[in-house]
Amino acid sequence: MKIVVTGGAGFIGSHLCEYLLEKGHEVICVDNYFTGSKENIKHLLSHKSFKEKEHDIINPLFFDESIDQIYNLACPASPIHYQVNKIRTIKACTVGMVNMLGIAKAKKARILQASTSEVYGDPKIHPQHEGYWGHVNMNGPRSCYDEGKRVAESLMMAYHWQNNIDTRIVRIFNTYGPRMAENDGRVVSNFIIQALKNEPLTIYGDGSQTRSFCYVSDLVEAMYRVMNLEKFYNPINLGNPHEFTVLELANKVKQLTKSESEIIFKPLPEDDPVKRKPDISLAKKMISWEPKISVDEGLKTTVEYFRKLLKN
Ligand SMILES: NC(=O)c1ccc[n+]([C@@H]2O[C@H](COP(=O)([O-])OP(=O)(O)OC[C@H]3O[C@@H](n4cnc5c(N)ncnc54)[C@H](O)[C@@H]3O)[C@@H](O)[C@H]2O)c1
């Protein structure tokens, strides 16, 4: 198949491009290189089935060739990055989504939207299942992303109902692994980099807030399965339900890196969710999937990636 991956030069997108090429597909990676980088796809550029197109999905995009599937990942994903230009973040989620749905319509292509657990906001139920409508602050500092992603889901459903577009929605929970951006302030990369540099590990809040982390290869496999699932249009949670506290994560990273770093505590940012854990019963039922990579295994590979990166 000929497959477009927007945001293909980003953390998850670059792993997805790799996976699709391994499966024998042709891949067109569309990226504006805001948070992604050529470095992430450097090893794919010489692949005969890989093409790269520098483009911002906020602007209309045209393809001469036929397109079978579109994975829409183009959007800055970490709070530090999506808050740099909140208007552009909202536009990527809305105008960009409309542009990509337009291509899906014109090319009769199936389209998958990378939604997020942030659509649940600071959830009042735990774990979060797909039927929960969420608890989101629409005026807060994170709303450009949270509400943007909610509108993107609404757009997907509207185009599906009204124009019969073949849509898929995955709600991704915290994912980690090699090629996470070094400077994006996400907890896993933060801790690893701080530990490798023997700097203090910063915990925002008292560290009792829980998170669950999915290794990127598990996520990519699940995205592929959802895309290729027949006739299922409702959102599906993808993530690792294994939950631990941020303090436990900090200690795990310290142990793995054999770091001397101390752990320090800073105030919790506004609207930071206290609890987050996916209910993945639907994914288990629909795509027979659950994460395989343990946190220890995934962290080890990620630590090695950052160790090499910091040496260069
Ligand atoms: N990493 C996670 O834990 C996580 C969790 C939930 C959802 N997601 C979603 O998955 C997708 C990928 O996330 P990621 O972690 O790989 O982030 P990332 O920032 O590494 O990747 C996003 C990519 O999109 C590109 N991009 C951003 N705006 C664009 C635009 N307007 N036009 C074209 N390209 C644009 C960036 O340059 C980058 O390559 C995002 O949509 C994100 O919202 C990620």
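See the structure above.
All of these numbers come straight from a predicted model, not from anything done at the bench. (Residues numbered from 1 in each chain as written. Predicted model: local features only at pLDDT ≥ 70, side-chain atom pairs only at ≥ 80, totals over all residues.)

Undergrad: Quick question: what am I supposed to make of the overall build of the protein chain here?
TA: Within the protein chain, the secondary structure is distributed over 10 helices and 13 strands. Here the C-alpha atoms of the protein chain give a radius of gyration of 19 Å, agreeing with the 20 Å that 2.2 N^0.38 yields for 312 residues. Taken along the three principal axes of its C-alpha coordinates, the protein chain extends 55 × 45 × 40 Å. Within the span of the protein chain, comprising 312 residues, buried residues form 46% of the whole. Across the protein chain, the fraction of contacts at a sequence separation of at least 24, relative to all contacts at a separation of at least 6, is 80%. (Helix = DSSP H or I, 4+ residues; strand = E, 2+ residues; numbered from the N terminus. Rg over C-alpha atoms; globule rule 2.2 N^0.38 Å. Buried ≥ 20, exposed ≤ 12 C-beta atoms within 10 Å, placed from the backbone. Contact = placed C-beta atoms within 7 Å.)

Undergrad: Whenever I open this one, helix H7 (residues 216-227) confuses me. Can you help?
TA: At 3.6 residues per turn, the α-helix brings residues three or four places apart onto the same side. For H7, spanning 12 residues, the distance from its first C-alpha to its last is 16 Å, which sits close to the expected 16 Å at 1.5 Å a residue. With nine of its 12 residues buried, H7 lies for the most part within the structure. Where H7 is concerned, the buried positions are Val-216, Asp-218, Leu-219, Val-220, Ala-222, Met-223, Tyr-224, Val-226 and Met-227. (Expected span 1.5 Å × (residues − 1).)

Undergrad: In this structure, what is going on with unusual backbone geometry? I would like to understand it.
TA: Among all residues save glycine, negative phi is the norm, and among peptide bonds the norm is trans. Here His-126 and Pro-127 are connected by a cis peptide whose omega angle stands at -10 degrees. Along the polypeptide, Pro-127 turns up in the loop between strand S5 (110-116) and helix H5 (143-163). For Lys-108, which is not glycine, the phi torsion reads 55 degrees and is therefore positive. Within the secondary structure layout, Lys-108 lies in the loop between helix H4 (86-107) and S5. The backbone of Lys-258 sits at a positive phi, close to 50 degrees, despite the residue not being glycine. If you trace the backbone, Lys-258 turns up in the loop between helix H8 (246-257) and strand S13 (263-266).

Undergrad: It is not clear to me how the sheet that holds strand S11 (residues 236-238) should be interpreted in this structure. Could you clarify?
TA: The strands making up a sheet associate through backbone hydrogen bonding, with each pair oriented either parallel or antiparallel. If you trace the seven strands from one edge of the open sheet to the other, you get S3-S2-S1-S4-S5-S6-S11, paired in parallel fashion. The sheet is open, and its two edges are formed by strand S3 (50-54) and S11, each paired on a single side. Here the average twist between neighbouring strands, direction ignored, is 20 degrees. As judged from the three bridges shared by strand S6 (residues 167-172) and S11, these two strands associate in the parallel manner. Along S11, the bridge assignment pairs Ile-172 with Leu-238. The strands touched by H4 within the sheet are strand S1 (2-6), strand S4 (69-72) and S5, with S4 carrying the most contacts at an inclination of about 170 degrees. (Pairing = 2+ DSSP bridges. Axes fitted to C-alpha atoms, helices over the stretch in contact; angles between N-to-C directions.)

Undergrad: It is not clear to me how the site of the ligand should be interpreted in this structure. Could you clarify?
TA: Residues in close proximity to the ligand total 29 residues, the closest being Gly-7, Gly-10, Thr-35, Gly-36 and Ala-77. Where the shell around the ligand is concerned, the elements lending two or more residues are helix H1 (11-22), H4 and S5. The dominant element in the shell around the ligand, judged by the number of residues it contributes, is H1, at three residues. Among the residues forming the shell around the ligand, the class breakdown is 16 nonpolar, 11 polar and two charged. (Near = placed C-beta within 6 Å. Nonpolar A, V, L, I, M, F, W, Y, C, P; charged D, E, K, R; others polar.)

Undergrad: Quick question: what am I supposed to make of the environment of Arg-225 here?
TA: Within the fold, Arg-225 resides in helix H7. Among residues more than four places away in sequence, those in contact with Arg-225 are Ile-287 and Trp-289.

Undergrad: Would you explain the packing of H1 against H7 in this entry?
TA: Packed helices, taken two at a time, are described by the angle between their axes plus the distance between the axes. Between H1 and H7, whose axes approach to 10 Å, the crossing angle comes to 60 degrees. Here H1 lies oblique to H7, going by the angle between them. For the pair H1 and H7, the sense of crossing is right-handed. Contact residues: Ile-12, His-15, Leu-16 and Tyr-19 in H1; Val-216, Ser-217, Leu-219, Val-220, Met-223 and Tyr-224 in H7. (Parallel < 35°, antiparallel > 145°, perpendicular 65-115°, else oblique. Left-handed = near helix turned anticlockwise from the far one by under 90°.)

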